[in-house]
Amino acid sequence: MKRILITGGSGFIGSHVADYLLTRGYEVVIFDRVSPVFLSEAEIVVADILNKEAIKQAISNVDCVIHAAGVLGTHETVVAPTVSIKENVIGTLNVLDAAIKYDVPVICLSKPNVWLNPYSISKDCMEKFCFMYVYEHGLKVSILKLFNVYGSRQKYNHVQKAIPTWIVQMLTGNKVEIFGSGSATMDLVHVHDVSVCIEGMMDNLEECLVTTSQPISDDVYSTFSGLNEQILELGCGEEISVLDAVMKLGLTIGKEYSVSHLPMRRGEVDGTRLCANLNRLHYLTNFRPSVSLADGFENTVLYYRENLDAILKGSL
Ligand SMILES: NC(=O)c1ccc[n+]([C@@H]2O[C@H](COP(=O)([O-])OP(=O)(O)OC[C@H]3O[C@@H](n4cnc5c(N)ncnc54)[C@H](O)[C@@H]3O)[C@@H](O)[C@H]2O)c1
């Protein structure tokens, strides 16, 4: 497996995966509707996954697709649900159709879909379509549910993601905003671990693919219950409360800060607990995350500190 197409390769996760795979000797093609800011050595296709012909052509000559293109956002998507459906569902269907045509395996990035917002609903729908395509078209797909990914390059003002937002609020001396009580938990995984994990999945792709040979339940409401268990989960495997995460970031930054508690945002529920189960991923690929929270926070804070002006101007 040599030539890899990364949809959404100009984004936070896609650009890190692209960089990492380049260092590992892969040929990388980035397919994104915007040009990458960080990369030079990958082949770049600036196009939209909603353009069927463009994605078909890009997939026609690769060995594997890492599908990371999509729109994110919880409260941001509540007011515009059709965008999530268009990008994350219809866009994904275009990727899957092209993958079937050229018999190319796909690693599809998803997320824990515990809330009722258009982003989560569209990702859940994307997973279901992957399953359907396995049954109906013999699609080769592996689904990786990423929990709370953090690290350098995550946009601060794109959608409001917790870690970049808190870091910037601390660095600029603003109040650190916490939605709800702060008792909700996250499972934070560093983006470097995501890259290493994806390489591990490609090395063990046959084993990681969703298969129809799982036992089918006799529960009429969950005929396909064997499928969800085949989705791989990636976090660090430990939950941390929002309050503890803020406190640890504060210690890393080493500045005084105060906290402001705001009402929960639309599309989110207070007190949600998130923790990935890495057993299946580890069993199939032998992968375990290796970046500690202390090291991960250290290098992430450094990135935001060094690039604060550009980040505040929106150019990074
Ligand atoms: N960041 C996280 O914590 C996290 C957690 C779970 C899952 N994920 C998933 O990982 C993937 C990547 O997330 P990210 O954090 O890197 O997001 P990001 O916004 O940084 O990157 C997404 C990229 O997709 C591109 N894109 C969007 N729509 C497109 C289209 N129609 N055609 C072509 N390119 C398009 C964007 O231009 C962007 O570069 C997404 O599928 C996301 O749902 C992310």
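Residues numbered from 1 in each chain as written. Predicted model: local features only at pLDDT ≥ 70, side-chain atom pairs only at ≥ 80, totals over all residues.

Caption draft 1: A look at the overall build of the chain. Scanning the chain for helices and strands turns up 13 helices and 13 strands. Buried positions account for 42% of the 316 residues belonging to the chain. Put simply, 76% of the contacts in the chain that link residues at least 6 apart link residues at least 24 apart. (Helix = DSSP H or I, 4+ residues; strand = E, 2+ residues; numbered from the N terminus. Buried ≥ 20, exposed ≤ 12 C-beta atoms within 10 Å, placed from the backbone. Contact = placed C-beta atoms within 7 Å.)

Caption draft 2: Spatial organisation of the nonpolar core. Judged by nonpolar contacts, the single largest core of 79 residues is most densely connected at Ile-6, Val-65, Cys-130, Val-194 and Leu-234. Counting residues per element, this core draws most heavily on helix α7 (residues 191-203), at six residues. Ignoring any residue separated from it by four or fewer positions in sequence, one finds Val-194 in contact with Ile-13, His-16, Val-17, Leu-146, Val-149, Val-189 and Leu-234. (Core = buried A, V, L, I, M, F, W, Y, C linked by C-beta atoms within 7 Å.)

Caption draft 3: Local environment of the packing of helix α6 (residues 162-171) against helix α10 (residues 242-253). Between α6 and α10, whose axes approach to 10 Å, the crossing angle comes to 45 degrees. Classified by the angle their axes make, α6 and α10 are oblique. Viewed along their axes, α6 and α10 form a crossing whose handedness is right-handed. Judged by residue contacts, Trp-166, Ile-167, Met-170 and Leu-171 of α6 engage Val-246, Leu-249, Gly-250 and Ile-253 from α10. (Axes fitted to C-alpha atoms, helices over the stretch in contact; angles between N-to-C directions. Parallel < 35°, antiparallel > 145°, perpendicular 65-115°, else oblique. Left-handed = near helix turned anticlockwise from the far one by under 90°.)

Caption draft 4: A look at helix α2 (residues 52-59). Taken together, the buried positions of α2 are occupied by Ile-55, Ala-58 and Ile-59. Buried residues in α2, looked at end-on, bunch into an arc of 95 degrees, giving them a common side. As for α2, its buried residues are in contact with β1 (3-7), β2 (27-32), β3 (43-46), β4 (64-67) and α4 (81-101). (Arc of directions from axis to C-beta.)

Caption draft 5: Representation of the site of the ligand within the structure. Taken together, 26 residues lie around the ligand, and Gly-8, Gly-11, Phe-12, Ile-13 and Lys-111 are the ones closest in. Counting residues per element, the shell around the ligand draws most heavily on helix α1 (residues 12-23), at three residues. Of the residues in the shell around the ligand, the class split is twelve nonpolar, eight polar and six charged. (Near = placed C-beta within 6 Å. Nonpolar A, V, L, I, M, F, W, Y, C, P; charged D, E, K, R; others polar.)

Caption draft 6: Expanded view of the sheet that holds strand β6 (residues 141-146). A sheet is described by the order of its strands in space; here seven strands give the open sequence β3-β2-β1-β4-β5-β6-β11, paired in parallel fashion. If you trace the sheet from one side to the other, it starts and ends with β3 and β11 (232-234), each paired once. The mean inter-strand angle of the sheet, taken between neighbouring strand axes irrespective of direction, is 20 degrees. (Pairing = 2+ DSSP bridges.)

Caption draft 7: Representation of helix α5 (residues 118-137) in the model. Taking 1.5 Å per residue as the helical rise, α5 with its 20 residues ought to reach 28 Å, and the 27 Å between its terminal C-alpha atoms agrees with that figure. Residues of α5 that are buried include every one of Pro-118, Tyr-119, Ser-120, Ser-122, Lys-123, Met-126, Glu-127, Cys-130, Phe-131, Tyr-133 and Val-134, and no others. Following α5 by one or two positions, Gly-138 has its phi on the positive side, about 70 degrees. (Expected span 1.5 Å × (residues − 1).)

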